[in-house]
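So the chains spell out like this:
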Amino acid sequence: MPRPRTLVRHGLLTLCLALASLSAAADDDCDAPSQRWQSREAVRQMAAQRGWQLQRIKIDDGCYEVRGEDASGRRFKAKIDPETLVVLKFKHRDGHRDQARRRTQEHGAPPAQGSTAPVFTPGGSPRGQID
């Protein structure tokens, strides 16, 4: 007969793994029923309004995933909610996410390499570089 302590450990481990897998899956998936999806043509029109030139539209994890070039000619990949056409994720091909660029614009440029600028400033985000 298994010891009660062992059963508790196995139960907690199973619970932790289940919660971790649910949260990871929830972040990447769109769950709108296909009857409420907007058409691929609507995605093309939304992209044109933003100045994007699309090269590919596909479905990934229940979301539209598009690849193309933005108005400045930079290649990108974006994940779009098929019901609302809200951009959920946006990543330039050079690997920098749009959120990181927005954060830099809001809080100023990060300190240059070898700079003695403070890592923490009141009311700002922590800054630093890991080599």
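Residues numbered from 1 in each chain as written. Predicted model: local features only at pLDDT ≥ 70, side-chain atom pairs only at ≥ 80, totals over all residues. Heavy atoms only, no water.

The name an unreviewed UniProt entry assigns to the protein is PepSY domain-containing protein, from the organism Diaphorobacter limosus.

S.K.: With reference to specific residues and values, describe the overall build of the protein.
M.R.: When helices and strands are tallied, the protein shows three helices and four strands. Taken from the N to the C terminus, the helices and strands of the protein come in the order α-α-β-β-β-β-α. Across the 131 residues of the protein, 18% fall into the buried class. In the protein, the share of contacts with a sequence separation of at least 24, taken over all contacts with a separation of at least 6, comes to 28%. Approximately 9800 Å² of the protein is accessible, and the part contributed by carbon and sulfur atoms is 53%. (Helix = DSSP H or I, 4+ residues; strand = E, 2+ residues; numbered from the N terminus. Buried < 20%, exposed > 50% of the residue type's maximum accessible area, 1.4 Å probe, protein only. Contact = heavy atoms within 4.5 Å. Areas by Shrake-Rupley, 256 points an atom, 1.4 Å probe, with all protein chains shown as cover.)

S.K.: Can you break down the side chain of Asp81 residue by residue, with the values?
M.R.: Topologically, Asp81 is positioned in the loop between strand 3 (75-80) and strand 4 (87-92). One buried charged residue, Asp81, forms no salt bridge at all, with the nearest opposite charge on Arg36 at 7.9 Å. At 2.8 Å, the side chain of Asp81 and the backbone nitrogen of Glu83 are in polar contact. Beyond its immediate chain neighbours, meaning those up to four positions away, Asp81 contacts Cys30, Val86 and Leu88. (Lys, Arg positive; Asp, Glu negative; His and termini not counted. Salt bridge = Lys/Arg side-chain N within 4 Å of Asp/Glu carboxyl O. Polar contact = N/O pair within 3.5 Å; in protein donor to acceptor, adjacent residues only side chain to side chain.)

S.K.: Before we move on, can you summarise the pairing of strand 4 with the specific residues and values?
M.R.: As paired elements, strand 3 and strand 4 share five bridges and run antiparallel to each other. Paired with Ala78 across the two strands is Phe90, which belongs to strand 4. Remark: six residues form the turn of the hairpin made by strand 3 and strand 4, two consecutive strands paired antiparallel; Leu85 in that turn has positive phi of roughly 60°. (Pairing = 2+ DSSP bridges.)

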